[in-house]
Amino acid sequence: MTKIYMVRHGESTGNVWPYAYVDDQRNFLSPHGVKQAELCGSYFKHKDIQFDVMISSSLTRARHTMAILMHELGTWKRPWVIVPELDELNNPSAARLLECKQAFRKLVTEWDRKQNMLVVTHYHTMQALFDALDVNPRHIDGEAKVIRNAVPHVWDSQEPHRIR
């Protein structure tokens, strides 16, 4: 079965100190966020989940999380695709929200259904991605309704209207 694993970045300095949101360079992973990303990567490794396609937003906290995940998986020298349209969507305009959804739909459309995809992005962006996948909120299982830092949420091509 082919799946898309969506992960919100690990806890960032902005999650605990709002002034860090002023500048992307200040908003890197906190020590706790680093540990969260390491645990998420260990989970993937323990479950022997391999990724053929890896994508992150362009923001520091998402790129740092991806680098840690790849390090834990032993694939950290592999390149991944950085997609700025998947950057955080705090109070986005309708045009920006549409741009994010269209970019993601394009990735999913071009995606080889025999491959697993890893996407590291942000809270509001993940909500938009769930919507772009046409997932009914009633079909979002348990923890996926609360998008925690560095916790994978899975979209399965066999159950296209459900997020776990």
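A brief structural summary. As the structure is a prediction and not an experimental result, all values here were calculated from the model. (Residues numbered from 1 in each chain as written. Predicted model: local features only at pLDDT ≥ 70, side-chain atom pairs only at ≥ 80, totals over all residues. Heavy atoms only, no water.)

1. A word on the pattern of salt bridges
Tallied over the full model, the rule gives 4 salt bridges. Between glutamate 99 and arginine 96 there is a salt bridge whose closest N-O contact spans 3.5 Å. You can see glutamate 99 and its partner arginine 96 sitting in helix α4 (residues 94-110), 3 residues apart, about one turn around the helix. On the accessibility criterion, glutamate 99 (37% relative accessible area) is partly exposed. Note that aspartate 156 is salt-bridged to arginine 164, the shortest N-O span being 3.5 Å. We classify aspartate 156 as buried; its relative accessible area is 2%. The class of arginine 164 is partly exposed, set by a relative accessible area of 36%. (Salt bridge = Lys/Arg side-chain N within 4 Å of Asp/Glu carboxyl O. Helix = DSSP H or I, 4+ residues; strand = E, 2+ residues; numbered from the N terminus. Buried < 20%, exposed > 50% of the residue type's maximum accessible area, 1.4 Å probe, protein only.)

2. Looking at empty space enclosed by the protein
Counted according to the given criterion, the structure contains 1 cavity of 30 Å³ or more. Estimates place the volume of the largest cavity at around 40 Å³. Looking at the lining of the largest cavity, its residues break down into 4 nonpolar, 2 polar and 1 charged. (1 Å grid on protein atoms, 1.4 Å probe; cavity = no way out; pocket = protein on both sides within 12 Å on 5 of 7 lines; lining within 4 Å. Points joined across faces, edges and corners; volume = space filled by probe spheres on them. Nonpolar A, V, L, I, M, F, W, Y, C, P; charged D, E, K, R; others polar.)

3. Some points on the sheet that holds strand β5 (residues 152-156)
Read from one edge to the other, the open sheet built from 6 strands follows the order β3-β2-β4-β1-β5-β6, with strand pairing classed as mixed. The open sheet terminates on both sides in strands that have one partner only, identified here as β3 (81-82) and β6 (159-163). Sheet topology places strand β2 (residues 53-56) next to strand β4 (residues 117-121); 4 bridges connect them, and they run parallel. When the bridges of β4 are listed, isoleucine 55 appears paired with valine 119. (Pairing = 2+ DSSP bridges.)

4. Remarks on the layout of surface pockets
Of the voids in this model, the largest pocket is the one considered here, and its volume is about 180 Å³. Mapped by element, the contributors of at least two residues to the lining of the largest pocket are β1 (3-8), α2 (31-46) and β5. Per element, the largest residue contribution to the lining of the largest pocket is 3 residues, and it comes from α2. Among the residues making up the lining of the largest pocket, the classes are represented as 8 nonpolar, no polar and 3 charged.

5. Comments concerning α4
Side chains three or four residues apart in an α-helix point the same way, a direct result of the helix having 3.6 residues per turn. Between its first and last C-alpha, α4 extends 24 Å over 17 residues, near the 24 Å set by a 1.5 Å rise per residue. All of the buried residues along α4 are Cys100, Lys101, Ala103, Phe104, Leu107 and Val108. The buried residues of α4 occupy one face: seen down the axis, they fall within an arc of 155 degrees. In α4, the exposed positions that point more than 90 degrees away from the buried face belong to Ala94, Ala95, Lys106, Thr109 and Glu110. On its buried face, α4 sits against β1, β2, β4 and α5 (123-132). (Expected span 1.5 Å × (residues − 1). Arc of directions from axis to C-beta. Contact = heavy atoms within 4.5 Å.)

6. Some remarks on unusual backbone geometry
Located in the positive-phi region is aspartate 48, a residue other than glycine, with phi close to 55 degrees. By the secondary structure assignment, aspartate 48 is in the loop between α2 and β2. In the Ramachandran plot, alanine 150 falls in the positive-phi region, its phi being about 55 degrees despite a non-glycine side chain. Summarising the element assignment, alanine 150 is placed in the loop between α5 and β5.

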